[in-house]
Amino acid sequence: MCGIAGIVEFHGKQASADLLSLLCAKLAHRGPDGEGHWYSRDKSVALGHRRLAILDLESRADQPMVSTDGRHVLIFNGEIYNFLELRRELTGSGEVFRTEADTEVVLAAWRRWGEEMLTRFNGMWALALYDVVDNTLFLARDRFGIKPLLYALDDERLIFASELGALTAASPKHARPDENVIRRVLIDPFGVEGSESTLFRGIRRLPAGHYMVVRNGHATSRRWWCTAENLPEIPQSDEERVRHFSELFREAVAIRMRSDVPIGTSLSGGFDSSAVLCAMAACDRDGTGPRGAKGWRHAFVASFPGLDNDERPHAELAAHWAGVVPTILNFGADDALAHVDQVLESLDDIHIGLPTAVWRLYRAMRAAGVRVSLDGHGADELMGAYRQSRQSAAFWLRNWVAAFTPGGTWRAALTDRARLGFLRRQQYLFVRGRMAGLPPPLPVVAEADSLPDNWAGLNRRLYRMFHGTVLPTILRNFDRLSMAHGVEVRMPFMDWRLVTYTMALPEANKSGNGFTKLIARQAMEGAMPEEIRMQMRKVGFNSPMPLWLNGPLRPWIERLLAARVPLFEELVDEAALGRRVLALQEARGWNWESAGRLWPYLHVKWLLARLDAAV
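All values derive from a computational prediction rather than experimental measurement. (Residues numbered from 1 in each chain as written. Predicted model: local features only at pLDDT ≥ 70, side-chain atom pairs only at ≥ 80, totals over all residues. Heavy atoms only, no water.)

1. Overview of the confidence of the model for the chain
Right, so step 1: On average, residues of the chain score 93 in pLDDT, and 94% of them are at 70 or above.
Right, so step 2: Low confidence marks residues 388–397, where pLDDT is under 50. Its contacts with residues over four positions away, or in another chain, come to nine contacts. (pLDDT = per-residue confidence, 0-100. Contact = heavy atoms within 4.5 Å.)

2. What about the packing of helix α10 (residues 340–347) against helix α24 (residues 592–614)?
For any two helices packed against each other, one specifies the crossing angle of their axes together with the interaxial distance.
Right, so step 1: Running from N to C, α10 and α24 point in directions that differ by 90 degrees, and their axes come no closer than 11 Å. Classified by the angle their axes make, α10 and α24 are roughly perpendicular. In this structure, α10 contributes D341, L344, E345 and L347 to the contact, and α24 contributes W599, H603, W606 and R610.
Right, so step 2: Residue classes in the contact of α10 with α24 are distributed as four nonpolar, one polar and three charged. (Axes fitted to C-alpha atoms, helices over the stretch in contact; angles between N-to-C directions. Helix = DSSP H or I, 4+ residues; strand = E, 2+ residues; numbered from the N terminus. Parallel < 35°, antiparallel > 145°, perpendicular 65-115°, else oblique. Nonpolar A, V, L, I, M, F, W, Y, C, P; charged D, E, K, R; others polar.)

3. Overview of the environment of R222
Right, so step 1: Looking at the secondary structure, you find R222 in strand β12 (residues 218–223).
Right, so step 2: Those residues in contact with R222 that lie beyond four places of it in its chain are E115, G209, H210 and Y211.

4. Thoughts on the sheet that holds strand β17 (residues 488–490)
Right, so step 1: Strand order in the open sheet formed by five strands is β15-β14-β13-β16-β17, with parallel pairing between adjacent strands. Each edge of the open sheet carries a strand with a single partner, namely β15 (327–330) and β17. Across this sheet, the average inter-strand angle for adjacent strands is 30 degrees, counted without regard to direction. (Pairing = 2+ DSSP bridges.)

5. Focus on the environment of G295
Right, so step 1: Looking at the element boundaries, G295 is found in the loop between α8 (271–286) and β14 (299–303).
Right, so step 2: Residue class for G295 comes out partly exposed when judged on its relative accessible area of 33%.
Right, so step 3: Between the alpha carbons of G295 and V242 there is a distance of 30 Å; along the sequence they are 53 residues apart.
Right, so step 4: Excluding anything up to four places from it in sequence, G295 contacts P262 and I263. (Buried < 20%, exposed > 50% of the residue type's maximum accessible area, 1.4 Å probe, protein only.)

As structure tokens, this is what we get:
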């Protein structure tokens, strides 16, 4: 896990060493264990890398890594979990390896299979591979976009990096805010990350499951992965389906325990993270195989004493089951103002809350010597989150709409109309311009995927959440919050074999008997505490935003709203927003709903104010 960056000049100019150093400096938190630079012979191509050492800690595994024949140069952010199996296959074909890292396996795989190597990888990655003979740069991102890759491209050059902040610092001319994207994120905070667009006009995102080829000043991209086209046959009986899910999940956990450094988990006490921890214990007991981490008994828990989102009792129950003594971090009102600017800067984008608890949890991991965390992300969007009490009608209504509403621009327009009507009625809409003047939804590649005819509403809705809306945003947030402290997050529920298998299952295996995630619960019977396995209450892993907004964050908000930020004034009715915020503060009326709807406005103004100050 690392930070990558690069520059390709198109007209004979030399890439700036100072610019590459700046890019790497802005990514230093992603790779605190080392830095490397590489330049082509004519200096038109420059590649930079910040290393977080996980596999093969020796300097021989540093990057940029050059192939033995000198033809290919690789920078790589991520992990190829099946690198040992691929290495064995490549060795049988005559490849000779000099390191014990997965990076060298990627280089050998490219020489052997070219772009077809991507379909053989089980992992998460954003990579850049340069061919010095063909003068070609190959950029690629993993199936589901777990690892980020952003770029700025014009007639003069290509600049790419792992984070927005690096590109905005290195290329100010590309860092002009995109008003339409900002409007979109204010009305639909989960409607941006799944697209190619970013908050800035000149910076784009390479979509998940895509690669880009840059040659002779031209860049072309291609989609190499579509989940809907890779759905497997499923067993006939429910018993066989559960057994196969259990096997896939156990293997997904075991293969993600491969590490040369201590690993652990971020434990919320909910089903997903508890299932991961208990599966880690089972894998350790049964044997994880080669390169399995021995130092894995580390669980970090965020506790919110006295609040309704405190899951500490369940987290401690799961930890006890797994034979782990958890590290507990308590959060309360006094933590609201701690690290606000650092946390928001680490997010690298706009979010619906202030995730200080998550940020500090990963910081505590790094301080304890834990560099890898196996977390439960992806399960909600793969199998459906728990239904809250009094929300069953809304749950089924959303599925019905997904089943009978056609995709594409028509559905997007209908969804927007309903969303805007709700926001206006609830006094959460402060974007200037009437409905017709608001920007259209940003195109998401997976939105046009041809889904199986027999899929009903739940499967269709989950597919969109997984590939286009909710999950891409969650992946971005946890990448930035963990990598802010040099911690790698691995996600067993996002193993591509488990994803395609679960996607292919009928809805009855995901939602039934009053539960969602049904097949996962059945697969974990006897393998985790029963109280957690069958609990129906869903608690998000969030800082206590209502508590903080009703109290300690008030002076921070008042200062922010009082600041003059011209672009924000153009985009937002600040007077109306201020009145709504003041009314909530006076009545101490902030709740989870109002916090999630209004915090993006505050976050956007904070970001635009920072950009103004930097000019």
